[in-house]
Amino acid sequence: MFKKRLIATVFALFSTYAAAAPELMSPVEIEFGQYAHIETIEITGNINASLLRLVDDSLQSNESDYYVISDISENAQQNTMTISVDLYNDMNAAAETVAMN
């Protein structure tokens, strides 16, 4: 009994402190799920850069679960693009973590 509880606690601690970047999600999935909007950020980078790589690199140390790209704009004169990203947390995962403890 004690061993099972210890394993569950260790698993919960490691899953809570995982340093993973948020995952891309479609806006439709956000509408039909249990997700909390955290914030909206703008990422600016080179117009020739890979869009997903630029976003992934910018969100590497972010603690949210998912992100949705809401807008992309380009400035050809300055050779830049600006990406608006909405960050979300999965409310189901938070409820499961609380239930385990």
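Whatever comes next refers back to the structure up there.
Residues numbered from 1 in each chain as written. Predicted model: local features only at pLDDT ≥ 70, side-chain atom pairs only at ≥ 80, totals over all residues. Heavy atoms only, no water.

Undergrad: Could you clarify how one ought to interpret the pairing of strand β4 (residues 80-90) in this entry?
TA: The side chains of a regular strand alternate between both faces of the sheet. When you tally the buried positions in β4, you get ten out of eleven residues, the bulk of the element. The pairing of strand β2 (residues 35-46) with β4 spans eleven bridges and is classified as antiparallel. Residue pairing in the sheet places I41 in a bridge with V85 of β4. Across nine bridges, the pairing between strand β3 (residues 66-75) and β4 is antiparallel. Considered in β4, the bridge of V68 is made with D86. Hairpin geometry of β3 and β4 is characterised by an intervening segment of four residues between the two adjacent antiparallel strands and by a positive phi of about 60° at N79. (Buried < 20%, exposed > 50% of the residue type's maximum accessible area, 1.4 Å probe, protein only. Helix = DSSP H or I, 4+ residues; strand = E, 2+ residues; numbered from the N terminus. Pairing = 2+ DSSP bridges.)

Undergrad: Would you take a moment to explain the nonpolar core for this structure?
TA: As a rule of thumb, nonpolar side chains are buried together in soluble globular proteins. Core analysis: the largest hydrophobic core is formed by ten residues, namely I41, I43, L54, V55, L59, Y67, M81, I83, V85 and L87. Looking at this core, the elements that each hand over two or more residues are β2, α3 (51-58) and β4. If you tally residues by element for this core, the top one is β4, at four residues. Residues in contact with L54, not counting those within four places in the same chain, are I43, T44, G45, M81 and I83. One finds M25, I30, Y66 and Y88 within the second-largest nonpolar core, a separate group that totals five residues. (Core = buried A, V, L, I, M, F, W, Y, C linked by side-chain atoms within 4.5 Å. Contact = heavy atoms within 4.5 Å.)

Undergrad: I keep staring at the sheet that holds β3 and nothing clicks. Help me out?
TA: What holds strands together in a sheet is hydrogen bonding between their backbones, with the strands either parallel or antiparallel. Pairing in this open sheet of four strands is mixed, and the strands run β1-β3-β4-β2 from one edge to the other. The two strands at the open ends of the sheet, each matched to only one other strand, are β1 (23-24) and β2.

Undergrad: Hey, could you run me through the pairing of β3 in this one?
TA: Pairing of β1 with β3 involves two bridges; the strand directions are parallel. Residue pairing in the sheet places L24 in a bridge with Y67 of β3.

Undergrad: Please clarify how the environment of T80 should be interpreted in this entry.
TA: One can find T80 in strand β4. For the pair T80 and A49, spaced 31 residues apart in the sequence, the C-alpha separation amounts to 9.1 Å.

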